[in-house]
Protein chains: 2
Amino acid sequence: MSLVRVQHVTISLDGFGTGEGQSLEAPFGHAGERLHEWMFNTQWGRRMIGQPGGTSGIDDTFLRLFDKGIGAEIMGANKYGYPGWYKDPAWKGWWGPNPVFHTPVFVLTHHTRAPIEMEGGTTFHFINASPAEAVEAARKAAGGQDIRLGGGPTMIREFLQAGLVDHMHIVVAPILLGRGVRLWDGLEGMEKNFRIESVSSPSGVTHMTFTRAPGH
Amino acid sequence: MSLVRVQHVTISLDGFGTGEGQSLEAPFGHAGERLHEWMFNTQWGRRMIGQPGGTSGIDDTFLRLFDKGIGAEIMGANKYGYPGWYKDPAWKGWWGPNPVFHTPVFVLTHHTRAPIEMEGGTTFHFINASPAEAVEAARKAAGGQDIRLGGGPTMIREFLQAGLVDHMHIVVAPILLGRGVRLWDGLEGMEKNFRIESVSSPSGVTHMTFTRAPGH
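Residues numbered from 1 in each chain as written. Chains lettered and ligands numbered in written order. Predicted model: local features only at pLDDT ≥ 70, side-chain atom pairs only at ≥ 80, totals over all residues. Heavy atoms only, no water.

1. Details of the pairing of strand 4 (residues 104–108) of chain A
Residues and elements named next belong to chain A. Burial analysis of strand 4 places five of its five residues in the buried class, the great majority of the element. Where burial is concerned, the two faces of strand 4 agree: the one with P104, F106 and L108 and the one with V105 and V107 are both buried. Pairing geometry for strand 3 (residues 70–76) and strand 4, over four bridges, is parallel. Along strand 4, the bridge assignment pairs M75 with V107. (Buried < 20%, exposed > 50% of the residue type's maximum accessible area, 1.4 Å probe, protein only. Helix = DSSP H or I, 4+ residues; strand = E, 2+ residues; numbered from the N terminus. Pairing = 2+ DSSP bridges.)

Here you go:
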């Protein structure tokens, strides 16, 4: 059975997965790039922007799992675009003509539209669906491979509340955003359903992995 | 100059330093002992309850700093007693006739009373004071040694907001309390004032140290 995975979703020390005031100019709101700075110094992160070099330690190791064994992604509407993107028929996401996904991507939205086929194997599908329905659709499209939950924090929280997450990798960055969208709200006691490991990186972030415990 | 230190204050992954519903029977509210389980398996923690054995790794190492170089503690009213303790003239804290502090302890409260001298060197002083005033009083009493901020989360937050903390050791436990008193509220951007290190322990907790950066 293919697994539902969350990969390197980063939150601040005070639990925010994105900042306040998201817009076309500021996809993460007032957080800017601060949540993701740890990625930029890795080999994986530098390759994403066409640069050589970078670290190959624990941060890079986790990032290299990004596409390994993944056959589809599900993402929230707030990851796919700025607030109100659905009013723009030409909007095709933040990632250029050849997005990083290279698989079917299911965008959860009340404003559905026809699928958009991009270069490199990415096709955006727009569905108005519950978390369970979205997993069912993504699983059919994933060809037996795993499904990535791409975020943002609101959709990950909803999939956790529905008990649909098999494996989760959360990165805690040592910054205090103060405001934004919290990942952990409404998840009291969730740790009982997972085996949890934490490991701190020299970059300052702490990697936490959550593996669903048998029987949960 | 003596330093103002926070030592092994533990918060949940979702940022709560104590649970909801604190009472005489439940000093940490619905959190029970879950925030502090990591302490119980250490040599330091077992000695506190008169038991032999225990680990001597990173958790124990941090705990052994509890009284090292400390000349006074400042604590919040909610650490000293259950809600409403000030109506009970016989209340002398949770710690028995010989409390663990062995120094002057300044309890921040609007309900002052005469000092209480306990066995073993602990004297409770009750002061209605601002964070800066409390540090001044504790520093006079500390004989040139450091001052421990004992918690709870509300008072630590207030001392952080006032810029009065020189060194802080926060322990993040991999549990989700869901409700209670948050440590980090209202501290946006505070990381800029500190050098921060994180290190995860085999026990599952992550130790974070915050050292005030020069010029802050």
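2. Let's talk about helix 5 (residues 131–141) of chain B
Residue and element names in this part refer to chain B. If you check which residues of helix 5 are buried, you get A134, V135 and A138. Looking straight down helix 5, one finds its buried side chains confined to an arc of 100°; they lie on one side. The secondary structure elements touched by the buried residues of helix 5 are strand 1 (4–12), strand 3 (70–76), strand 4 (104–108), strand 6 (123–127), strand 7 (146–149) and helix 6 (153–161). (Arc of directions from axis to C-beta. Contact = heavy atoms within 4.5 Å.)

3. Structural notes on the relation of the copies chain A and chain B
Superposition of chain A onto chain B requires a rotation of 180° combined with a translation of 0.0 Å along the rotation axis, giving an RMSD of 0.0 Å. Expressed as a symmetry operation, the mapping of one chain copy onto the other fits a two-fold axis. Ranked by how close their C-alpha atoms come to the rotation axis, the residues of chain A are headed by A:S200, at 2.8 Å. An overlap of 100% is found between the interface residues of chain A and their copies at the interface of chain B, pointing to a shared contact surface. (Least-squares fit on C-alpha atoms with pLDDT ≥ 70 in both.)

4. So, the sheet that holds strand 8 (residues 167–173) of chain A
If you trace the nine strands from one edge of the open sheet to the other, you get 5-6-4-3-7-1-8-11-10 (chain A), paired in mixed fashion. The sheet is open, and its two edges are formed by strand 5 (116–117) and strand 10 (194–200) of chain A, each paired on a single side.

5. Focus: helix 6 of chain B
If you check which residues of helix 6 of chain B are buried, you get B:P153, B:M155, B:I156, B:R157, B:F159 and B:L160. Downstream of helix 6 of chain B by one or two residues, B:G163 has phi in the positive range, about 70°.

6. Things to note about the nonpolar core
Core analysis: the largest hydrophobic core is formed by 64 residues, its most contacted members being A:I74, A:M168, A:W184, B:I74, B:M168 and B:W184. Not counting residues up to four positions away in its chain, the partners in contact with A:I74 are A:F106, A:L108, A:A134, A:V135, A:A138, A:I147, A:R148, A:L149, A:G150, A:G151, A:M155 and A:F159. (Core = buried A, V, L, I, M, F, W, Y, C linked by side-chain atoms within 4.5 Å.)

7. Remarks on unusual backbone geometry
Residues other than glycine predominantly adopt negative phi, and peptide bonds predominantly adopt the trans conformation. Residue and element names in this part refer to chain A. In this chain, G151 is followed by G152 through a cis amide linkage whose omega measures 0°. The phi torsion at H8 lies on the positive side, around 40°, for a residue other than glycine. With respect to the element layout, H8 can be found in strand 1 (residues 4–12). What makes H8 buried here is its relative accessible area of 10%.

8. Some words on the sheet that holds strand 1 of chain B
All names here are of chain B. Taken together, the nine strands give an open sheet; going across it, the order is 5-6-4-3-7-1-8-11-10, and neighbouring strands pair in mixed fashion. The open sheet has two edge strands with one neighbour each: strand 5 (116–117) and strand 10 (194–200). The sheet contact formed by strand 10 and strand 11 (residues 206–212) spans seven bridges and is antiparallel. Bridged to S200 within strand 11 is T206. Sheet strands in contact with helix 6 are strand 1, strand 3, strand 4, strand 7, strand 8 (167–173) and strand 10, and its direction is about 110° off that of strand 3. (Axes fitted to C-alpha atoms, helices over the stretch in contact; angles between N-to-C directions.)

9. A look at the packing of aromatic side chains
Residue and element names in this part refer to chain A. Counted by the stated rule, this structure contains 28 aromatic pairs over all chains. Pairing W85 with Y86 gives two aromatic rings, centres 6.2 Å apart and planes at 80°, and the pair type is edge-to-face. Members of the aromatic cluster, each reached through a chain of ring pairs, are Y80, W85, Y86, W95, F101, F124 and F126. Cation over ring: R148 sits above F66, and NZ or CZ is 3.9 Å from the ring centre. (Phe/Tyr/Trp six-rings, centres within 6.5 Å; stacked < 30°, edge-to-face > 60°. Lys NZ or Arg CZ within 6 Å of the ring centre and 35° of its normal.)

Don't take any of this as a statement about function, it's just geometry.
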